Amino acid sequence: MYEEEEYLQLSGIQHFAFCRRQWALAYIELQWAENVRTVEGRLLHEKAHTVTSREKRGDRIISRAMPVSSRELGISGECDVVEFHRCGEGISLQGYDGRYDVIPVEYKKGKPKSSHVDILQLAAQGMCLEEMLCCEIPYGYLYYGETRHREKIVLTEEIRDEVREMLREMHDYFRRKYTPKVKWSKGCQACSLKDLCLPVLGKNKSARSYVDAHVQEDM
Ligand code: SF4
């Protein structure tokens, strides 16, 4: 169980799955705040979150921008949308009659990716909701703006194990303030941090130490 001050950002899972160094530059070496926003915009939501709101549509209650967290995983973040579907069993909701299934829905602007980073993020959201609401969430949806289609994603034990393992690794890196060395991949070309990452060096240096060294040279 993690303390609140140890929580990492849920959205970081996508960065970490894409490139561990990118995540470390963004979330450990915080001097890249401007670029983090660029990456967030391109790789993650790309969707303006509104303040938390809830609306009822027939047998569904739709909650937007819902804050979530997990002590077990040590993360906090936000769900784009959580749908509560009225059913025979499930959880009760304050102010509403009946019982409800809980279904996270993550919105993405683009189309489905070849990697499963979006699924990892959705699974982490589902696991947070399970812990917060004491319920089981067997599936969620990923909605892609380009295809205007939502895909049902079963939150399997395998994907949950991967989320747990990834978060253990992220917490370990964060505790040690560890930035992995550059490792070239196809993704580097499209990476918004590539200029700051300095992949051309290909050495085991943190970006901070590179910049510090050059500042000292200039002085
Ligand atoms: S340029 Fe490549 S190695 Fe560097 S952070 Fe981006 S993806 Fe990772």
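The rules behind the values
Residues numbered from 1 in each chain as written. Predicted model: local features only at pLDDT ≥ 70, side-chain atom pairs only at ≥ 80, totals over all residues. Heavy atoms only, no water. Near = heavy atom within 4 Å. Nonpolar A, V, L, I, M, F, W, Y, C, P; charged D, E, K, R; others polar. Helix = DSSP H or I, 4+ residues; strand = E, 2+ residues; numbered from the N terminus. Expected span 1.5 Å × (residues − 1). Buried < 20%, exposed > 50% of the residue type's maximum accessible area, 1.4 Å probe, protein only. Arc of directions from axis to C-beta. Phe/Tyr/Trp six-rings, centres within 6.5 Å; stacked < 30°, edge-to-face > 60°.

S.K.: I'm lost on the site of the ligand in this one. Help?
M.R.: Taken together, Cys19, Gln22, Lys183, Cys188, Cys191, Lys194 and Cys197 make up the full set of residues adjacent to the ligand. Per-class residue counts for the shell around the ligand are 4 nonpolar, 1 polar and 2 charged.

S.K.: I would appreciate a short explanation of helix 5 (residues 157-176) in the present structure.
M.R.: Side chains that are three or four residues apart share a direction in an α-helix, a result of its 3.6 residues per turn. Taking 1.5 Å per residue, 20 residues should reach 28 Å; helix 5 reaches 29 Å between its end C-alpha atoms and fits that length. Among the residues making up helix 5, those that are buried are Ile159, Arg160, Val163, Met166, Leu167, Met170, His171 and Tyr173. For helix 5, the arc enclosing every buried residue in end-on projection is 160°, short of the 170-degree limit, so these residues lie on one face. The exposed set on the far side of helix 5, more than 90 degrees from its buried face, consists of Glu158 and Arg175.

S.K.: Where do I start with the packing of aromatic side chains in this structure?
M.R.: The way to describe two aromatic rings as a pair is by their centre distance and the angle between their planes. Inspection of the entire model under this criterion finds 7 aromatic pairs. Taking 5.2 Å as the distance between ring centres and 85° as the angle between the ring planes, the aromatic pair formed by Phe16 and Trp23 counts as edge-to-face. Classification of Phe16 by relative accessible area gives buried; the value is 0%. For Trp23, a relative accessible area of 1% translates into the label buried. A centroid spacing of 4.9 Å and a plane angle of 40° characterise the contact between Tyr107 and Tyr143, whose relative ring orientation is tilted. Of this pair, Tyr107 sits in strand 6 (residues 99-108) while Tyr143 sits in strand 7 (residues 139-144), placing them 36 residues apart in sequence. In textbook terms, an aromatic cluster arises when at least three aromatic residues are bridged by ring pairs, as seen for Phe16, Trp23, Tyr27, Tyr173 and Tyr178.

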